Every structure is written in C-alpha cells, then in structure tokens.
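The residues making up each chain are set out below.
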Amino acid sequence: YYGPDFSLHVTPNLTMENLNTRQYLESVKQQVFEHLKMLQGAPGIQMDQVPYDVETASPEESADVRPTSEGSQHQAELYD
C-alpha cells in the first residue's frame, strides 16, 4: 500500500481537496471514544512473590533459600 519505499509517511497530493468536514471528523472521534469506553481494560495485578507459611514450611521447601558457600563449586571458579 505504501510502495515503493514502504514508508508510513505519505506525502499528500496537492491537487486533492480535503473533503473531510470538521463535523464528520468530530463524529468519527466520538464513535471511537464510545467504542473505547466499552472495552474492558487489562486487570492491574502487581507481580509479587507469595510468602510461604513460616510455621508449616521447612526452609528446604522455600524458593527463597539459596545454597550456602559450603556447597560444591565448579573447578573453573577456583583459579589462581
């Protein structure tokens, strides 16, 4: 549609007359706003970790527990 350069900017033809009246443009704008009012927005849910129950969960089951430095390390990490 926008060939040959496929640009979104289309230079208007100076010999063409703009036949869009202000009243027509306002009615189109009003229809668009009415349609947008009918759309349901996406629910705004904040991303957050669910805390585990401290009394019933053991630390091994928690995803927040990280291995300590006492664990095995790759040999490439221990160099001089």
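What counts as what
- Residues numbered from 1 in each chain as written.
- Predicted model: local features only at pLDDT ≥ 70, side-chain atom pairs only at ≥ 80, totals over all residues.
- Heavy atoms only, no water.
- Helix = DSSP H or I, 4+ residues; strand = E, 2+ residues; numbered from the N terminus.
- Buried < 20%, exposed > 50% of the residue type's maximum accessible area, 1.4 Å probe, protein only.
- Areas by Shrake-Rupley, 256 points an atom, 1.4 Å probe, with all protein chains shown as cover.
- Patch = residues over 30% accessible without salt bridge, like charges linked within 9 Å, V, L, I, M, F, W, Y side chains within 5 Å.
- Salt bridge = Lys/Arg side-chain N within 4 Å of Asp/Glu carboxyl O.

Engineer: Help me out: how do you make sense of the overall build of the chain in this one?
Structural biologist: From N to C terminus, the chain includes one helix and zero strands. By residue count, 2% of the 80 residues in the chain fall in the buried class. If you sum the accessible surface of the chain, you get close to 9,200 Å²; carbon and sulfur atoms cover 55% of it.

Engineer: Teacher, can you tell me more about a nonpolar patch on the surface here?
Structural biologist: Taken together, the side chains of Tyr24, Leu25, Val28, Val32, Phe33, Leu36 and Leu39 make up a nonpolar region of the molecular surface, amounting to roughly 660 Å² of accessible area. Tracing the backbone through its elements, the reader meets Leu25 in helix α1 (residues 22-38). A relative accessible area of 41% means that Leu25 is categorised as partly exposed.

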